[in-house]
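Close look at the chain arrangement
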Amino acid sequence: MTTIQHPTAKVRCGPTVSRADAAPNRRRGGDIRVLLSPTSVGATAGFMGTLTLEPGEVVTEHWHPYSEEFLYCVSGEVLVTLDGEERRLGGEQAVHIPIGVRHRIVNDTAEQAFFVFLAGPLAPRPELGHVDTEPSPGSMGVR
């Protein structure tokens, strides 16, 4: 049996973060809110947030060169494309997106879809975390 020593120094816990207090990011489409991150809570292993997609909204295709992503659909249903493979993702279902896999999310239904996502490990710098492979929704005439 392995024994692991619990740290004796006081470990600082991050604050509780409310979704309402997180600014929405709509650059790739939808309402993406990063709740737990290096900036908000001092996270060192990854980041976590929510995604809301209204009917007709798209998260444009991109990939992560350093992070894998875990996407959990709380409610609604969407079409997810992973390296060209289309699949349905519905309420209470999750998908793992490995490092380097291109992914795109489309709400092609009449209902709102709501997700929780987690990505890690972190890229060396935030601007290296995503590689966009198609234009932003605004430039494509998509909401």
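Residues numbered from 1 in each chain as written. Predicted model: local features only at pLDDT ≥ 70, side-chain atom pairs only at ≥ 80, totals over all residues. Heavy atoms only, no water.

- An unreviewed UniProt entry annotates the chain as Polyketide synthase curC originating from Modestobacter italicus.

1. Examining the pattern of salt bridges
- Under the defined criterion, the tally for this structure stands at 11 salt bridges.
- Note that Arg 88 is salt-bridged to Asp 108, the shortest N-O span being 2.9 Å. With Arg 88 in strand E6 (residues 85–90) and Asp 108 in the loop between strand E8 (103–106) and strand E9 (113–120), this residue pair connects regions lying 20 residues apart in the sequence. (Salt bridge = Lys/Arg side-chain N within 4 Å of Asp/Glu carboxyl O. Helix = DSSP H or I, 4+ residues; strand = E, 2+ residues; numbered from the N terminus.)

2. Describing the sheet that holds strand E4 (residues 68–75)
- The strand order across the open sheet built from five strands is E1-E2-E9-E4-E7, with neighbouring strands paired in antiparallel fashion. Among the strands making up the open sheet, the edge pair consists of strand E1 (31–36) and strand E7 (93–97). Direction aside, neighbouring strands of the sheet carry axes that sit 20° apart on average.
- In this sheet, E7 lies alongside E4 in antiparallel orientation, the contact comprising five bridges. When the sheet's bridge partners are listed, Leu 71 is paired in E7 with Val 95. (Pairing = 2+ DSSP bridges. Axes fitted to C-alpha atoms, helices over the stretch in contact; angles between N-to-C directions.)

3. Quick look at the sheet that holds strand E5 (residues 77–82)
- Taking strand neighbours across the sheet as the criterion, the five strands line up as E6-E5-E8-E3-E10 in an open arrangement whose pairing is antiparallel. The sheet is open, and its two borders are formed by E6 and strand E10 (131–132), each paired with just one other strand.

4. Some details on the side chain of Thr 50
- Locating Thr 50 in the fold gives a position in strand E2 (residues 47–53).
- A relative accessible area of 5% places Thr 50 in the buried class.
- The contact partners of Thr 50, leaving out residues within four places of it in the chain, are Arg 19, Asp 31, Ile 32, Arg 33, Leu 35, Phe 114, Phe 115, Val 116 and Phe 117. (Buried < 20%, exposed > 50% of the residue type's maximum accessible area, 1.4 Å probe, protein only. Contact = heavy atoms within 4.5 Å.)

5. Description of the pairing of E5
- The element E5 is extensively covered by neighbouring structure, given that five of its six residues are classed as buried.
- Relative to E6, E5 is paired through six bridges, and the arrangement is antiparallel. When the sheet's bridge partners are listed, Val 80 is paired in E6 with Arg 87.
- Here E5 hands over to E6 after two residues, with Asp 83 in that stretch at a positive phi of 45°.
- Relative to E8, E5 is paired through four bridges, and the arrangement is antiparallel. Counterpart to Thr 81 in the pairing with E8 is Arg 104.

6. Considerations on the layout of surface pockets
- Roughly 820 Å³ of internal volume is contained in the largest pocket.
- Around the largest pocket, the lining comprises 31 residues; the ones closest to its centre are Asn 25, Arg 28, Val 34, Phe 47 and His 130.
- At the level of elements, E1, helix H1 (38–41), E2, strand E3 (58–63), E4 and E8 are the ones that each hand at least two residues to the lining of the largest pocket. (1 Å grid on protein atoms, 1.4 Å probe; cavity = no way out; pocket = protein on both sides within 12 Å on 5 of 7 lines; lining within 4 Å. Points joined across faces, edges and corners; volume = space filled by probe spheres on them.)

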